[in-house]
Amino acid sequence: MTLGRDQFPDLDAGCLGLRPARLGLWRNHVFVSAADAGGGFDKWLADMPATIATHEPGQTRPHDPTRLVEVGVMTFRCRANWKIVTENFIDGYHLPLLHAVSLGDGDFTRQQWVPAGRHITFYRPLKPGMAANDRALPVIDGIPPNYGASYQWLFPNIAFFETATSWSTFHVIPVAADLSEIVVRLFAGPEALDHAPAPSPGPLPDHVITASGAFGRLFVDGSGGHALESEDVMREDIYACEAVQQGLAAGSTIGPLARWETPLAHFQRQVLDFAPLG
Ligand SMILES: [Fe+2]
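### Some remarks on the overall build of the protein
- From N to C terminus, the protein includes six helices and 10 strands.
- Relative to its length of 278 residues, the protein is compact, with a C-alpha radius of gyration of 20 Å against a globular reference of 19 Å.
- With respect to the principal axes defined by its C-alpha atoms, the protein has extents near 65 × 50 × 45 Å.
- The 278 residues of the protein split such that 30% are buried.
- A fraction of 63% describes how many contacts in the protein between residues 6 or more apart in sequence connect residues 24 or more apart.

### A closer look at the packing of helix α3 (residues 82–90) against helix α5 (residues 233–249)
- Running from N to C, α3 and α5 point in directions that differ by 130°, and their axes come no closer than 10 Å. Of the possible angle classes, the one that applies to α3 and α5 is oblique. Crossing hand, α3 versus α5: right-handed. Of the residues in α5, those in contact with I84, V85 and N88 of α3 are D237, A240, C241, V244 and Q245.
- Grouping the constituent residues of the contact of α3 with α5 by class yields five nonpolar, two polar and one charged.

### Re the environment of M130
- Position of M130 among the secondary structure elements: in the loop between β5 (119–124) and β6 (149–154).
- For M130, a count of 15 C-beta atoms within 10 Å gives the class partly exposed.
- Residues M130 and V175 lie 45 residues apart in sequence; the distance between their C-alpha atoms is 39 Å.
- Leaving out residues up to four positions away in the same chain, M130 has contacts with D105 and N146.

### Overview of the sheet that holds strand β9 (residues 179–188)
- Ordered by their spatial adjacency, eight strands build an open sheet running β4-β5-β6-β7-β8-β9-β3-β10, and the pairing between neighbours is antiparallel. Each edge of the open sheet carries a strand with a single partner, namely β4 (112–116) and β10 (208–212). Between one strand axis and the next, the sheet turns by 15° as a mean value, whatever way the strands run.
- Alignment of β4 against β5, held across five bridges, turns out to be antiparallel.

### Overview of α5
- In a regular helix each residue adds 1.5 Å, so 17 residues correspond to 24 Å; α5 covers 24 Å between its end C-alpha atoms and thus fits that length.
- Among the residues of α5, M234, R235, E236, D237, I238, A240, C241, E242 and Q245 are the ones counted as buried.
- Of the surrounding secondary structure, the elements contacted by the buried residues of α5 are β3 (69–78), α3 and α4 (95–98).
- Just downstream of α5, G251 is the residue with a positive phi angle, here 90°.

### Some points on the packing of α3 against helix α6 (residues 262–273)
- At a closest axis distance of 9 Å, the pairing of α3 and α6 adopts a crossing angle of 145°. When you trace α3 past α6, the crossing you get is right-handed. Two secondary-structure elements touch here, α3 through K83, T86, E87 and I90 and α6 through P263, L264, F267 and V271.
- In the contact of α3 with α6, the residues fall into five nonpolar, one polar and two charged.

### Quick word on α3
- Counting buried positions over the nine residues of α3 gives seven, a clear majority of the element.
- Looking only at α3, the buried set comprises W82, I84, V85, T86, E87, N88 and F89.

### What to know about unusual backbone geometry
- With an omega dihedral of 5°, the bond running from F155 to P156 counts as a cis peptide bond.
- With phi around 70°, N28 is a residue other than glycine that occupies positive phi space.
- Structurally, N28 can be placed in the loop between β1 (22–26) and β2 (29–33).

### What about the pairing of β6?
- Extensive coverage of β6 is indicated by the burial of six of its six residues.
- With burial as the criterion, each face of β6 is covered, one bearing A149, Y151 and W153 and the other bearing S150, Q152 and L154.
- Of the strand pairs in this sheet, β5 and β6 are connected by five bridges, and their pairing is antiparallel. Residue pairing across strands places F122 opposite Y151, the latter belonging to β6.
- Direction of pairing for β6 relative to strand β7 (residues 158–162): antiparallel, over a ladder of five bridges. Across the sheet, residue Y151 finds its bridge partner in β7, namely F161.
- Between the antiparallel neighbours β6 and β7 lie three residues.

### Describing the pairing of β3
- As paired strands, β3 and β9 are joined by nine bridges and run antiparallel to one another. Bridge assignment links T75 to a residue of β9, and that residue is V183.

Quick notes on the rules
Residues numbered from 1 in each chain as written. Predicted model: local features only at pLDDT ≥ 70, side-chain atom pairs only at ≥ 80, totals over all residues. Helix = DSSP H or I, 4+ residues; strand = E, 2+ residues; numbered from the N terminus. Rg over C-alpha atoms; globule rule 2.2 N^0.38 Å. Buried ≥ 20, exposed ≤ 12 C-beta atoms within 10 Å, placed from the backbone. Contact = placed C-beta atoms within 7 Å. Axes fitted to C-alpha atoms, helices over the stretch in contact; angles between N-to-C directions. Parallel < 35°, antiparallel > 145°, perpendicular 65-115°, else oblique. Left-handed = near helix turned anticlockwise from the far one by under 90°. Nonpolar A, V, L, I, M, F, W, Y, C, P; charged D, E, K, R; others polar. Pairing = 2+ DSSP bridges. Expected span 1.5 Å × (residues − 1).

Structure follows, in structure tokens:
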């Protein structure tokens, strides 16, 4: 007997006005939709699964989250609309500028993005001769050390992000018109837990709401100082997003898009055209 049947023995679920929900499983995650329209999860996912591939010689398999373990969960606060945060995530133009130091090993001249249905898939390699320099996490089995960074961004607000040492989810949650939370769940090879850092107590910096898990605090920059001098990707992005939010609130106009900003146009078309797939 299930707990529900045990606790509600006389309940007729058909009388509760419950709406059917559709479920989908992909990359070790469960997706739920309460939209009325048909089409199903596979139609929404479109040809995204076909984009999962190897990117570098010596890579024996694509990232497989079922082989990894969760080693950190961080929730960040960003005083900007969720669409600004999303556009920042998928934008390729700011990468060598805003992250000139923090992502200085990236070869952004060879970045590639591909639309897949409403979604986007992306890869950019490291500069020639570079390799993962993340001393905290081991290189994932099957992934070469010179793997750059890839993501599958799923409309409207979640991405799976991949490096040589990690696989993480980047979930943008709208809180208010000018406020978002970003939940990052970090996964790594199981052997990472053999070298977990000592807990670091103390208050979290202002842009961090929670940081838990074996490596949660390690991937939070609490050094203080100006975000643009932090050499921390997340702090740099939050700073930029909040500046864009302030600019839009002040009535700033939007300029032309650079070639590496083309994913933003794809995203904006999805927002403007969105209707549940029928
Ligand atoms: Fe960024």
